[in-house]
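Single-letter residue listing:
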Amino acid sequence: MRKFEILLVEDEENLHDALKLNLEMEGYSVSSSYDGAHALKQIQSAHFDLIILDIMLPSLDGFAITETVRLHNIETPILILSAKNTSANRVQGLKLGADDYLTKPFNLEELLLRVAKLIQKTNTAKQLLVVDEYSFAGHTLNFKLQEALNNKGEKITLTKKESMLLQLLIENKNTVVTRERILQSVWGYQVFPTTRTIDNFILSFRKYFEQDPKSPVHFISIRGVGYKFLD
């Protein structure tokens, strides 16, 4: 089972180190950022299960980061930490797209509970309704056996990565799955396939399951962003 990835954006070193240590003790994998602009680059280039975000940061504040992230349709949960404890600041953060807002100083146990709840909620929402099998347009996929039966009655043997990518796309049907998320979920970050490599997988899916592979209706490429499955 993979570790959940958290991006911790906090410029106060002592607090940052203490939070990182406690989150890692809870079993999370934690990436660090101490600067707003650097954090935004990390968010746009990698997949995280949660972003813990301070408001007062060098170069770019947490409100601007939250707004930019949501404008780019990145749905990663955001937990804001802030010394600004007025209701106006809390409302502003939530309006911009944050999922939770915790004021400093805070209770560590409460923070860890909120982190666990946000990750669990998001992870549960992304679970496949049917774990082993999925059917669409007359095709039947069996992820456990790594095979498919298309609507022409032809049996297709899937590679492990084909099965993993299909499951990821179907798990997030009607939603764009970024190339970064595919990298983490299917390949891991030890190997970096080119965009063309992922495109070739999509071309195979179209050949297997599209009525007209040149005019796909199920496996869609979103230029410069990622890929989407439509039922």
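This section reports on the structure supplied with the text. Just so you know, these numbers come straight off a predicted model, no measurement behind them. (Residues numbered from 1 in each chain as written. Predicted model: local features only at pLDDT ≥ 70, side-chain atom pairs only at ≥ 80, totals over all residues. Heavy atoms only, no water.)

1. Quick notes on the overall build of the chain
Stated precisely, the cut-off is as follows: A run of DSSP states H or I qualifies as a helix once it reaches four residues; a run of E qualifies as a strand once it reaches two. Both are numbered from the N-terminal end. Any two residues having at least one pair of non-hydrogen atoms within 4.5 Å are treated as being in contact. Note on areas: Shrake-Rupley, 1.4 Å probe, and residue coverage restricted to the protein chains presented here. Under this rule, positive means Lys or Arg and negative means Asp or Glu; His and the chain ends count for nothing. Note on charges: their place is set at NZ of Lys, CZ of Arg, CG of Asp or CD of Glu.
Helices and strands together make up the secondary structure of the chain, namely 8 helices and 12 strands. Excluding contacts between residues fewer than 6 apart, the proportion of contacts in the chain whose partners are at least 24 apart in sequence is 54%. Accessible area for the chain stands at about 12600 Å²; split by element, carbon and sulfur atoms hold 51% of it. Taking the average place of the 27 positive charges on the side chains of the chain and the average place of its 29 negative ones, the gap between the two points comes to 6 Å.

2. Here we look at the packing of helix α3 (residues 62-71) against helix α4 (residues 87-96)
The condition is simple: To obtain an axis, a line is fitted to C-alpha atoms, over the contacting stretch when the element is a helix, and the angle between two such axes runs from 0 to 180 degrees between their N-to-C directions. When describing relative orientation, an angle under 35 degrees is termed roughly parallel and one over 145 degrees roughly antiparallel, while 65 to 115 degrees is termed roughly perpendicular and anything else oblique. Each residue is assigned to one of three groups, with Ala, Val, Leu, Ile, Met, Phe, Trp, Tyr, Cys and Pro labelled nonpolar, Asp, Glu, Lys and Arg labelled charged, and all others, Gly among them, labelled polar.
Closest axis-to-axis distance for the α3/α4 pair is 8 Å, and the angle between their directions is 20°. Relative to α4, the element α3 lies roughly parallel. For the pair α3 and α4, contact is made by F63, T66, E67 and R70 and by N89, Q92, G93 and L96, respectively. Split by residue class, the contact of α3 with α4 holds 2 nonpolar, 4 polar and 2 charged.

3. Re the nonpolar core
Convention followed: For the purposes of this section, nonpolar cores are sets of buried Ala, Val, Leu, Ile, Met, Phe, Trp, Tyr and Cys residues that join through side-chain atoms within 4.5 Å. Three exposure classes are used, based on accessible area relative to the maximum for each residue type with a 1.4 Å probe and protein chains only: buried under 20%, partly exposed in between, and exposed over 50%.
Core analysis: the biggest nonpolar cluster contains 24 residues, and L141, L166, L169, I182, F205, F209 and F219 have the highest contact counts within it. Residue assignment for this core shows that the elements contributing at least two residues are β6 (133-136), α6 (160-171), α7 (179-187), α8 (195-209) and β12 (226-229). L166 has contacts with L141, F143, L158, F205, F209 and F219, leaving out every residue within four places of it along the chain.

4. Digging into the sheet that holds strand β5 (residues 100-103)
To keep things clear, this is the line we draw: Paired strands are those between which DSSP finds at least two bridges.
Judged by pairing direction, the sheet is parallel, and its 5 strands sit side by side in the order β2-β1-β3-β4-β5 without closing on themselves. Of all the strands in the sheet, the pair left with one neighbour each is β2 (29-33) and β5. Between one strand and the next, the sheet's axes are offset by a mean angle of 20°, whatever the strand orientation. As judged from the 4 bridges shared by strand β3 (residues 50-54) and strand β4 (residues 78-82), these two strands associate in the parallel manner. Following the sheet pairing, D54 is matched in β4 by L81. Across the sheet, helix α1 (residues 13-25) lies against β1 (5-9), β2, β3 and β4, angled at about 165° from β2, the strand it touches most.

5. What about the packing of aromatic side chains?
Note the following rule: Put simply, two rings from Phe, Tyr or Trp (the six-membered ring, in Trp's case) pair if the centres are within 6.5 Å, and we call them stacked under 30 degrees between planes, edge-to-face over 60, tilted for the rest.
Inspection of every chain in the model, using the stated rule, returns 9 aromatic pairs. Measuring from centroid to centroid gives 5.7 Å for Y208 and F209, while their planes differ by 80°, and the two rings are edge-to-face. Residue classification places Y208 among the partly exposed residues on the basis of a relative accessible area of 22%. Under the relative-accessibility criterion, F209 is labelled buried at 2%.

6. Some points on the pairing of β2
For clarity, the threshold we go by: Looking down the strands as they point away from you, a crossover is right-handed if its path from the first strand over the helix to the second goes clockwise.
Relative to β2, β1 runs parallel, the two being bridged by 5 bridges. By the bridge assignment for β2, I6 is matched with V30. Read as a crossover between parallel neighbours, the route from β1 over α1 to β2 is right-handed.

7. A short note on the pattern of salt bridges
As a reminder of what qualifies: Salt bridges are identified by distance alone: a Lys or Arg side-chain nitrogen within 4 Å of an Asp or Glu carboxyl oxygen.
For the coordinates displayed, the defined rule picks out 8 salt bridges. One salt bridge connects E10 with K104, and the closest N-O pair in it is separated by 2.9 Å. Highlighted residues: E10 in the loop between β1 and α1 and K104 in the loop between β5 and α5 (108-125), separated in sequence by 94 residues. Here E10 and K104 have matching classes, each one buried. Here K173 ties to D231 by a salt bridge, and the two come within 3.4 Å at their closest N and O atoms.

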